[in-house]
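# Results of the structural survey
Residue-level listing of the chains:
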Amino acid sequence: MKSLRLGPYEVWPPVVLAPMAGITNIAFRKLCREHGAGLYVCEMVTTRALVERNPKTMRMLAFSADERPRSLQLYGIDPEIVARAVRMVVDENLADHIDLNFGCPVPKVTRKGGGSALPWRHRLFERIVRGAVEAAEHVPVTVKMRKGIDDDHLTYVRAGLIAQEAGVAAVALHGRTAAQRYSGRADWDAIADLKAALEIPVLGNGDIWEADDALRMVEQTGADGVVVGRGCLGRPWLFADLTAAFDGRPERVLPNLGEVAATMRRHAELLVEWVGDEPHGCADFRKHVAWYLKGFPVGSELRQRLAMISSLMELDDLLGKLDPAAPYPRETLGQPRGRTNSPGKVALPEGWLDDPDADGVPDGAELADSGG
C-alpha cells in the first residue's frame, strides 16, 4: 500500500486522527504521536472565531515544535469568512494542512446549515471549498463529510466530485448519515462507492476499533487510508497497533493495568503542562478515566475518585491503588468506545431541504466560538 500524499506531505502509515472537541488538543496528540505515526488533527476551529481572534480559539491553535505536518480542521458556512480564515492560516503560518468539516452531526451545527447538513446545498458547498482551496495556495486542503443528511438525502458522491473539481487533496468519508449520529454500523460500501467515483485519495472513517479493522476497511473499500476517532479514546497505543498493521507486522499492544496507569499519568501530566494550571489540567483529564479503565477490575469507588482528581499527587496516590498486574481485558477488543446514541431527526434551518441549488448563507449561521 502506498503512503498517503497530501500536497507536499507523505503520511505513513496512512492513518489520520479525527478531530474531536475537547479531546484532540496538543496534549492528547503528543501522547498519541509517542505511540505511533500518522497525521494528527487538532480540535475543530470555527472560521469566524479564528478571524475575530477569539482568545479560546487562538489557544486551541497550539502545536508541538516537532509536530509536522501541523493539521487544522476548520468549520464555517459563509464562503467569504472561510476564505478569510484560510488566508489567515497561510499568511501567519498557523498550520501546514487544512481540513474542512462537513461531517459534524451535532444539532447546534446542523440547525445553522453547517457540518453534515451543508453538502445538500451543493452550490454553497462548492463556493466554500473552491474559495478555501484558492486562498490556501500551497497548503493542501481536504474535506471530511458524511454520507448525507439521511437515507433520503444522500450527498457524498456529488460532494466528493465537487470537492475534487475544486482542487482538494483528499476526501474523508464517515460511513454514516447525520441522522444516524453514532448509532448502528458504518456503511463501508459507501466508502467503496466514493473511492470508485474519485481520482483523488479517499479516506474511510467509521467503526475502526482495532488495527485489523483498518486493514479490513482498506481491503474492502480500496480506501487510501483511514480516519480514527472514538477507537483511540483511552487507548492512544492504538496508533502503535495501526503502525504495526500497515507495516505488515503482527504484534499488537495489550498493556496490563500498570502500563495503562503509566499512560494515564503521562496524559494528565501533558494536560497540566499545556493548560499551565494543575487543577484545571487535572479536571480536563477526568473525562478520560472511564475510557482508560474500560473492562479492568477496578471498583466503582476508586473509579469515582479518579474521575474527581484535582492534582497530580492525588492521581499518583489513586493509581497506586490499582493492581498493576491485571491483564488487558480482551473482551473489550473490537467494542465501540466513546459516544453512542440513537438515530434521530436532523435539526435543519427552515426550508433547508426545499432547494438544493440555493447558495445563500443562513442568517446567524457562523458560530462565534470553537470547541465542544
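Model, not experiment: these values are computed from the prediction.

## Quick word on the sheet that holds strand 10 (residues 202-205)
- What the nine strands build is an open sheet, ordered 4-3-11-10-9-8-7-6-5; its pairing is parallel. Two strands in the sheet have a free side with no partner beyond their single neighbour: strand 4 (39-40) and strand 5 (45-46).
- Strand direction decides the pairing type here: strand 10 and strand 11 (residues 225-228), joined by three bridges, are parallel. Its bridge partner lying in strand 11, Asn 205 is registered against Val 227.
- Across the face of the sheet, helix 7 (residues 156-166) comes into contact with strand 8 (141-146) and strand 9 (170-174) while running at roughly 175° to strand 8.

## Topic: empty space enclosed by the protein
- Tallying each qualifying case throughout the model produces two cavities of 30 Å³ or more.
- For the largest cavity, the calculated volume is near 110 Å³.
- Taken together, 15 residues line the largest cavity, and the ones lying closest to its centre are Val 16, Asp 99, Thr 142, Ala 172 and Leu 203.
- At the level of secondary structure, the elements contributing two or more residues to the lining of the largest cavity comprise strand 7 (97-102), strand 8 and strand 9.
- In terms of residue count, strand 9 provides more of the lining of the largest cavity than any other element does, three residues in total.
- For the lining of the largest cavity, the per-class residue count stands at eleven nonpolar, two polar and two charged.
- The calculated volume of the second largest cavity comes to roughly 40 Å³.
- Taken together, Thr 47, Leu 74, Tyr 75, Gly 76, Val 82, Leu 100, Asn 101, Phe 102 and Ile 128 make up the full set of residues lining the second largest cavity.
- Elements with a minimum of two residues in the lining of the second largest cavity: strand 6 (71-75) and strand 7.
- It is strand 7 that contributes the most residues to the lining of the second largest cavity, three residues altogether.
- Across the lining of the second largest cavity, the residue classes tally to six nonpolar, three polar and no charged.

The rules behind each value
By convention here, each chain's residues receive numbers from 1 onward along its written sequence. Given that the model is predicted, a residue must reach a pLDDT of at least 70 before its local features are reported, and side-chain atom pairs must reach 80 or more before they are shown or counted; all residues, however, enter totals for whole chains, interfaces and linings. No hydrogens and no water enter the side-chain calculation; it runs on all heavy atoms of the structure. Here a strand pair is declared whenever DSSP counts at least two bridges between the two strands. Strands here mean DSSP runs of E at least two residues long; helices mean DSSP runs of H or I at least four residues long; both are numbered from the N terminus. Note on definitions: a residue-residue contact is assigned when non-hydrogen atoms from the two residues lie within 4.5 Å. Working convention: axes come from line fits to C-alpha atoms, limited for helices to the stretch in contact. Angles between N-to-C directions cover 0 to 180 degrees. Detection works on a 1 Å grid of protein atoms alone, calling trapped sets that fit a 1.4 Å probe cavities and calling open sets with protein on both sides within 12 Å along at least five of seven lines pockets, with lining residues defined by an atom within 4 Å of a point. Grid points are joined across faces, edges and corners, and a volume is the space filled by probe spheres set on the points. Residues were grouped as follows: Ala, Val, Leu, Ile, Met, Phe, Trp, Tyr, Cys and Pro as nonpolar; Asp, Glu, Lys and Arg as charged; and all remaining residues, including Gly, as polar.

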